[in-house]
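Below, each chain spelled out in residue letters.
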Amino acid sequence: MLSYFRVNDPYRMLGVFVLLILIRLPFLISGTSLSIPELSWMLVGEKLTEGDHLYIGVWDDIGPLAALIYSLIELIFNRSQTAYILLAILLTTHQSLVFNSFLLNKKAFNENTYVPAFVYVILSSFSFDFYILSPVLLSLTWILLALRNVFYRIESRSQDNRILGTGLYIGLATLCYLPSILFLLSTIMAYMLFANVSIRRYLLLLYGAALPLLIALTYFFLVDGLDAFISQYLLSFRTLARQFLIPPLSLLYISIVPLIFLIISLYKVSQIRRFTNQQSKLQQIMFINIIATAATLFFVNDLAPYHLLPFVPPVAFFVTHFLLSIRRFIFAELTTALFTILLVLNGYAFLYGFFSLYSIFNTADLMVQETLYDDEVRGKKVLVLGDQLSIYREAKLATPYLDWQISKRALTSVDYFENLSEIYHNFSQDMPELIVDLESVMPQLQSRIPLLENAYQVQAGSNGQLYQLKQGEEN
């Protein structure tokens, strides 16, 4: 396997693409594993296709560029998980091509090879939620393009447009996934340590990174959503409590195999003395990239395995060095086969509980589960007052109140006229057919807002958790 991708032949990328499809084919065929974040992204895209504005017509901490992409997907494919998986395959293939291309151009290894692309797609398969089109995966495309420009700058041949482009790529990545802004710091550090960059060009880099953000700020200012954009997205790491969709220890269990290979690779690279000066600089830049990626984990609101995706490029870089350093053909092939099998098996083992892994890794909080309300909400416009997004699997979201952490502050602060006025407006514009009240919020709302008191009645036998819209009260 290693020898096949070791050949400097562009057609080896076709093999990379086929390999990626084969790895993800069981996940694609099964079609039974929908994650909570994935459902949330679909609901956001769905609301935006109805003409709502992000952070105004749908409350969530998703990045605006990612939300725009999901709205386009929903417009074409209408909540199709298959479409998200296939698009993720195409995007991962493109990323592996970009990654391999700039490593080839910069002579990062002692031989020209397509092993980096191969290792990239294998590492992109070590967790099951790497297979979906997450905002992290979207942002990683821009981060790779920025990293390519940093590599070019190390040779001191980069022009102003490439410096500006680096900043733009980081800015676009930040609009997909907020913690990506930390890669601006790692880029500045790389320039300070390994390139002769003038103050003017540092300012150009900062301007490039700020430009996409300024455009977003201008847009939300024009649609009267600037405060919402700042509070729900830009300051979300401060205003929202961290949620662990999986325990941190389980995240370590998921990462143990690539972590072992990374440690071995770093040790092997440190023992090799035949690298050029440029290759050594590239290795140090990739190590800085690992540190920056680790720092992003402290700023995520809903910790899940897919947040580990930015580790893929630097880890792939060092693992490639390790595999190419193995001189004996048989040992190199066996090590590559072991690496491939362990990583691919790792992705499915934690999803389906192979080897009794349910005892150490429970996906209940990460995956969409069956609920008591599935039959009641199927095909209806629904509002869930509580933190149980699984209920929306067979339903549509009514009103903007998607993210409960963001919504509950407004829905439970009914002593303020401004909040009551906003709640009245949001409900009157988009009346849910059914309200699932898991937090006992509706009685308080009905006591303050006559519209809700007159329009909804408690459904019999629901213990006060289901509120049915009365006939004749539809919008």
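Residues numbered from 1 in each chain as written. Predicted model: local features only at pLDDT ≥ 70, side-chain atom pairs only at ≥ 80, totals over all residues. Heavy atoms only, no water.

### Side note on the overall build of the protein chain
Piece 1. A tally of regular secondary structure across the protein chain gives 21 helices and 7 strands.
Piece 2. Compactness check: the protein chain gives a C-alpha radius of gyration of 24 Å against a globular reference of 23 Å for 475 residues, within 12% of the reference.
Piece 3. Expressed as lengths along the three principal axes of its C-alpha atoms, the size of the protein chain is roughly 80 × 55 × 35 Å.
Piece 4. The contacts in the protein chain between residues at least 6 apart in sequence include a share of 75% that link residues at least 24 apart. (Helix = DSSP H or I, 4+ residues; strand = E, 2+ residues; numbered from the N terminus. Rg over C-alpha atoms; globule rule 2.2 N^0.38 Å. Contact = heavy atoms within 4.5 Å.)

### Details of the confidence of the model for the protein chain
In regions of low pLDDT, the predicted coordinates are not meant to be interpreted in detail.
Piece 1. Across the protein chain, the average pLDDT comes to 88, with 96% of residues at or above 70.
Piece 2. When the elements of the protein chain are averaged for pLDDT, helix H1 (residues 2-5) gives the smallest value, 80, and helix H4 (residues 64-77) the largest, 95. (pLDDT = per-residue confidence, 0-100.)

### Observations regarding the environment of Phe-318
Piece 1. By the secondary structure assignment, Phe-318 is in helix H15 (residues 312-325).
Piece 2. Separated by 23 residues in sequence, Phe-318 and Ile-341 place their C-alpha atoms 19 Å apart.
Piece 3. Sequence-distant contacts of Phe-318, defined by excluding residues within four places in its chain, comprise Leu-262, Ser-265, Leu-266, Val-269, Gln-283, Met-286, Phe-287 and Ile-290.

### Quick look at a nonpolar patch on the surface
Piece 1. Where nonpolar side chains cluster on the molecular surface, the patch consists of Leu-249, Leu-252, Tyr-253, Ile-256, Leu-259, Ile-260, Ile-263 and Ile-264 and spans about 670 Å² of accessible area.
Piece 2. A residue is classified by how much of its surface remains accessible, and Ile-256, at 38% relative accessible area, is partly exposed. (Patch = residues over 30% accessible without salt bridge, like charges linked within 9 Å, V, L, I, M, F, W, Y side chains within 5 Å. Areas by Shrake-Rupley, 256 points an atom, 1.4 Å probe, with all protein chains shown as cover. Salt bridge = Lys/Arg side-chain N within 4 Å of Asp/Glu carboxyl O. Buried < 20%, exposed > 50% of the residue type's maximum accessible area, 1.4 Å probe, protein only.)

### As for the packing of H4 against helix H5 (residues 81-105)
Piece 1. Relative orientation of the contacting elements H4 and H5 amounts to 125°, with a least axis distance of 10 Å. The orientation of H4 relative to H5 falls into the category oblique. Note that H4 runs across H5; the crossing there is right-handed. Facing Tyr-70, Ile-73, Glu-74 and Phe-77 of H4, the residues of H5 in contact are Ala-83, Tyr-84 and Leu-87.
Piece 2. The residue inventory of the contact of H4 with H5, partitioned by class, reads 6 nonpolar, no polar and 1 charged. (Axes fitted to C-alpha atoms, helices over the stretch in contact; angles between N-to-C directions. Parallel < 35°, antiparallel > 145°, perpendicular 65-115°, else oblique. Left-handed = near helix turned anticlockwise from the far one by under 90°. Nonpolar A, V, L, I, M, F, W, Y, C, P; charged D, E, K, R; others polar.)

### Remarks on the pattern of salt bridges
Piece 1. The final tally for this structure, using the stated rule, is 6 salt bridges.
Piece 2. The salt bridge involving Arg-6 is made with Glu-111; its shortest N-O contact spans 2.9 Å. Taken together, the residues span a long stretch of sequence, with Arg-6 in the loop between H1 and helix H2 (12-30) and Glu-111 in the loop between H5 and helix H6 (115-123) at a distance of 105 residues.
Piece 3. Close ionic contact of Lys-381 with Asp-430 constitutes a salt bridge, the shortest N to O distance being 2.5 Å.

### Considering the packing of aromatic side chains
Aromatic rings considered in pairs are described by the distance between their centres and by the relative angle of their planes.
Piece 1. Applying the stated criterion to the full structure yields 24 aromatic pairs.
Piece 2. With a centroid separation of 4.9 Å and 90° between ring planes, the pair formed by Tyr-4 and Phe-5 is classed as edge-to-face.
Piece 3. For Tyr-4, a relative accessible area of 37% gives the class partly exposed.
Piece 4. We classify Phe-5 as buried; its relative accessible area is 5%.
Piece 5. With 5.2 Å between their ring centres and 55° between their planes, Tyr-55 and Phe-220 make a pair best called tilted. Pair noted here: Tyr-55 is in the loop between helix H3 (36-49) and H4 and Phe-220 is in helix H10 (residues 199-222), with a separation of 165 residues, a long-range link. (Phe/Tyr/Trp six-rings, centres within 6.5 Å; stacked < 30°, edge-to-face > 60°.)

### Some thoughts on the packing of helix H14 (residues 277-296) against H15
Piece 1. Relative to each other, H14 and H15 sit at 140°, their axes nearing to 8 Å. Taken together, the axis directions place H14 and H15 in an arrangement best described as oblique. Between H14 and H15 lies a crossing whose hand is left-handed. Together, Leu-282, Gln-283, Met-286, Phe-287, Asn-289 and Ile-290 of H14 and Pro-313, Pro-314, Phe-317, Phe-318 and His-321 of H15 make up the contact between the two elements.

### Examining the pairing of strand S3 (residues 381-385)
Piece 1. Burial runs high along S3: 4 of the 5 residues are buried.
Piece 2. Note: S3 against strand S5 (residues 434-437), 4 bridges, orientation parallel. Pairing of Leu-385 across the sheet is with Asp-437, part of S5. (Pairing = 2+ DSSP bridges.)

### Quick notes on the side chain of Asp-129
Piece 1. Mapped onto the elements, Asp-129 comes out in the loop between H6 and helix H7 (135-153).
Piece 2. The charged side chain of Asp-129 is buried without a salt bridge, its nearest counter-charge being Arg-24 at 9.6 Å.
Piece 3. Here the side chain of Asp-129 touches Tyr-306 through a polar contact of 2.9 Å, landing on its backbone nitrogen.
Piece 4. Setting aside its immediate chain neighbours within four residues, Asp-129 contacts Ala-304, Pro-305, Tyr-306 and Leu-366. (Lys, Arg positive; Asp, Glu negative; His and termini not counted. Polar contact = N/O pair within 3.5 Å; in protein donor to acceptor, adjacent residues only side chain to side chain.)

### Looking at H2
Piece 1. With 19 residues, H2 extends 28 Å between its outermost C-alpha atoms, agreeing within 8% with the 27 Å of an ideal straight helix rising 1.5 Å per residue.
Piece 2. Residues of H2 that are buried: Arg-12, Met-13, Gly-15, Val-16, Leu-19, Leu-20, Ile-23, Arg-24, Phe-27 and Leu-28.
Piece 3. Looking at the buried side of H2, the elements it contacts are H1, H5, H6 and helix H16 (329-352). (Expected span 1.5 Å × (residues − 1).)

### Here we look at the pairing of strand S7 (residues 466-469)
Consecutive residues of a regular strand have side chains that alternate between opposite faces of the sheet.
Piece 1. As judged from the 3 bridges shared by S5 and S7, these two strands associate in the antiparallel manner. Paired with Val-436 across the strands is Leu-466, a residue of S7.
Piece 2. As judged from the 3 bridges shared by strand S6 (residues 456-458) and S7, these two strands associate in the antiparallel manner. Bridge assignment links Gln-457 to a residue of S7, and that residue is Gln-468.

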